[in-house]
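# Report on the structure
Residue-level listing of the chains:
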Amino acid sequence: MKADPIDELLRRADLAAGEPPVPDDLAGRVRRKARRRRLAAISAGAGVTVLLAAAVAVALWPPRPQTSRPTAQAPSAASHEEVLRLRAEITALRAEADSRAAVLNQVVARLRQQQDHLADLQRQLDRPDPLEQVRRQIDRTAYIMVYQADHSRGELGFVDSPEQTYRRVIELFPDSRWANVARERIAEMQSGKGDTL
Amino acid sequence: MTDMDDTAAAASNIQTAGDGKAASGIDRLAHGDPAAFERLVAAHQQRIVRLVYRLLGWDQEAEDVAQEVFLAALKGKGKFRGAGSEGVWLTRIAINACRTHQRRRVLWRKLKAAVLGRTGAATPPPPDGEAMEREKFLKVRRAVQALPRSLREVVVLRYLEGMSTDEICQALSAKPGTVHVRLHRARQELRDSLGELFRQELR
């Protein structure tokens, strides 16, 4: 008997959806929920009762006879003087605060200037010396030329082109340490000692 | 009367004439055995969570609704008649809880749409070798979700829960003829909505 295609399709789709997460301690959660709901119901009931009682009390309470409102008394001369004195004091305090704030701002501005200056100096110190950089590059170039000349002489057995390269190193970088090395190599070649580098 | 009370009432009013199995777990719970509820949950939680998950359209909110199911069972424990199995009783409560949840969800969505307006479409996952297969099954699940509630329930109970017609009748309080008619209509609608996918399965 052929399986029902809808049955098969539905089962596979259900399987593809994955299993639902089954919570731990479901019974405990349900009990807690039941307790919370019971408490909420009791609280709501109590609230309604209190409101009803308040409404009844307001409705049954006898209205109080209206009394005339007390009129505001005119300020006395003494209190007027006191107000004036306090105002003057506030103005003086405000002026003092302003002057202190101005001094503080000046100090802060000066500190900022000094910090900027220090940062400039630090940047200058951090920057590498360009002359030193050039010297390093020269040294490296001379080294590479000597190395290549050594290689072509030792590995490949050339004679003329290495000698030319050594001479070029002496010519281009006469003060470098590699110029001395190149001179030694030329001397070796001329004396016939350095055939096997 | 609240929705929760509806579910609890459903839990209490169920009349089952099923397998005649003694509902000892519920009986013990009704007679105040403190461990009976834990035993009842442990025995049925897997099945109930899975049933709720499927009835809600494979929704991750199944856990919350499953809690409502057992809460309703706890409330309605004294009213269980004991004529049928506690499994069918809980199934009935689960179906009612899902109906309540879906009613709320529809209302909430309408309210949200009215307040916030339409939201943007979700970003699809990057395509890979299994993307087509995933898409196919997603389409099937959507087709089930799109069925009317009465048809969706019989499809889930019959095909995914593997329940017999008798059990479905007890769970839905429906006659066998009604269940058969609903199943037939559900199959018809699924065939129509899945179209080509269904024909591929037939080949």
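Residues numbered from 1 in each chain as written. Chains lettered and ligands numbered in written order. Predicted model: local features only at pLDDT ≥ 70, side-chain atom pairs only at ≥ 80, totals over all residues. Heavy atoms only, no water.

### What to know about the confidence of the model for chain A
- Put simply, chain A has an average pLDDT of 84, and 89% of its residues get 70 or more.
- Here helix α1 (residues 5–17) of chain A stands out as the least confident element of chain A, with mean pLDDT 84; helix α5 (residues 160–172) of chain A is the most confident, with 91. (pLDDT = per-residue confidence, 0-100. Helix = DSSP H or I, 4+ residues; strand = E, 2+ residues; numbered from the N terminus.)

### Examining the side chain of Ser-152 of chain A
Residue and element names in this part refer to chain A.
- Considering the arrangement of structural elements, one finds Ser-152 in helix α4 (residues 130–154).
- Polar contacts involving the side chain of Ser-152 include one to the main-chain carbonyl oxygen of Ala-149, which spans 3.0 Å.
- Contact partners of Ser-152, with chain neighbours within four places excluded, come to Gly-157, Phe-158, Ser-161 and Pro-162. (Polar contact = N/O pair within 3.5 Å; in protein donor to acceptor, adjacent residues only side chain to side chain. Contact = heavy atoms within 4.5 Å.)

### Re helix α9 (residues 176–194) of chain B
Residues and elements named next belong to chain B.
- In this model, α9 (19 residues) spans 27 Å end to end at C-alpha, consistent with the 27 Å of a helix rising 1.5 Å per residue.
- Those residues of α9 lying buried are Val-179, Leu-183, Ala-186, Leu-190 and Leu-194. When α9 is viewed along its axis, its buried side chains cluster within an angular range of 65° and face the same direction.
- Gly-195 lies just past α9 and shows a positive phi near 50°. (Expected span 1.5 Å × (residues − 1). Buried < 20%, exposed > 50% of the residue type's maximum accessible area, 1.4 Å probe, protein only. Arc of directions from axis to C-beta.)

### Considering the environment of Pro-20 of chain A
- When you line up the elements, Pro-20 of chain A lands in the loop between α1 and α2 (26–60).
- In this structure Pro-20 of chain A touches Val-49, Arg-50 and Tyr-53 of chain B, once residues within four positions along its chain are discounted.

### Thoughts on the interface of chain A and chain B
- The interface is formed by 28 residues belonging to chain A together with 35 residues belonging to chain B.
- Where chain A abuts chain B, roughly 3200 Å² becomes buried across the two surfaces, and 65% of that area is made up of carbon and sulfur atoms.
- A per-residue breakdown of the area chain A buries against chain B is headed by Ile-6, Leu-9 and Leu-10 of chain A, which together make up 19% of the total.
- Summed over the shared surface of chain A and chain B, the number is six salt bridges.
- Residue Glu-63 of chain B is joined to Arg-29 of chain A by a salt bridge in which the shortest nitrogen-to-oxygen separation is 2.4 Å.
- Looking at the side of chain A that touches chain B, the elements with two or more residues in it are α1 and α2 of chain A.
- Considering each element in turn, the side of chain A that touches chain B owes the most residues, 12 residues, to α1 of chain A.
- Its residues assigned to classes, the side of chain A that touches chain B shows 15 nonpolar, one polar and 12 charged. (Buried area = accessible area lost by both parts, 1.4 Å probe. Salt bridge = Lys/Arg side-chain N within 4 Å of Asp/Glu carboxyl O. Nonpolar A, V, L, I, M, F, W, Y, C, P; charged D, E, K, R; others polar.)

### Concerning the nonpolar core
- Core analysis: the biggest nonpolar cluster contains 57 residues, and Leu-10 of chain A together with Phe-37, Val-52, Phe-70, Leu-90 and Leu-157 of chain B have the highest contact counts within it.
- Among residues more than four places away in sequence, those in contact with Val-52 of chain B are Ala-62, Val-65, Ala-66, Val-69, Ala-94 and Cys-98 of chain B.
- In terms of nonpolar packing, the next biggest core, distinct from the first, is built from 13 residues, Ala-149, Val-169, Phe-173 and Ile-186 of chain A among them. (Core = buried A, V, L, I, M, F, W, Y, C linked by side-chain atoms within 4.5 Å.)

### Some words on the packing of aromatic side chains
Residues and elements named next belong to chain A.
- One pass over the full model with this rule turns up two aromatic pairs over all chains.
- On the numbers, 6.1 Å between centres and 40° between planes, the contact of Tyr-143 with Tyr-147 is tilted. Of this pair, Tyr-143 and Tyr-147 both sit in helix α4, four residues apart, roughly one helical turn.
- A relative accessible area of 34% means that Tyr-143 is categorised as partly exposed.
- Pairing Tyr-143 with Trp-178 gives two aromatic rings, centres 5.0 Å apart and planes at 55°, and the pair type is tilted. Of this pair, Tyr-143 sits in helix α4 while Trp-178 sits in helix α6 (residues 177–191), placing them 35 residues apart in sequence. (Phe/Tyr/Trp six-rings, centres within 6.5 Å; stacked < 30°, edge-to-face > 60°.)

### So, unusual backbone geometry
All names here are of chain B.
- The residue Trp-58 is not glycine, and still its phi comes out positive at about 55°.
- Residue position: Trp-58 is located in the loop between α3 (36–55) and α4 (62–75).
- The exposure class of Trp-58 is buried, given its relative accessible area of 10%.
- Residues other than glycine seldom take positive phi values, yet Ser-173 does so here, at roughly 55°.
- Mapped onto the elements of the fold, Ser-173 is located in the loop between α8 (165–172) and α9.

### A closer look at the packing of helix α7 (residues 149–160) of chain B against α9 of chain B
All names here are of chain B.
- Packing of α7 against α9 brings their axes to within 9 Å, and their N-to-C directions diverge by 95°. Put simply, α7 runs roughly perpendicular to α9. Judged by residue contacts, Ser-150, Leu-151, Val-154, Val-155, Arg-158 and Tyr-159 of α7 engage Val-179, Arg-182, Leu-183, Arg-185, Ala-186, Arg-187 and Glu-189 from α9.
- Class assignment of the residues belonging to the contact of α7 with α9 gives a composition of seven nonpolar, one polar and five charged. (Axes fitted to C-alpha atoms, helices over the stretch in contact; angles between N-to-C directions. Parallel < 35°, antiparallel > 145°, perpendicular 65-115°, else oblique.)

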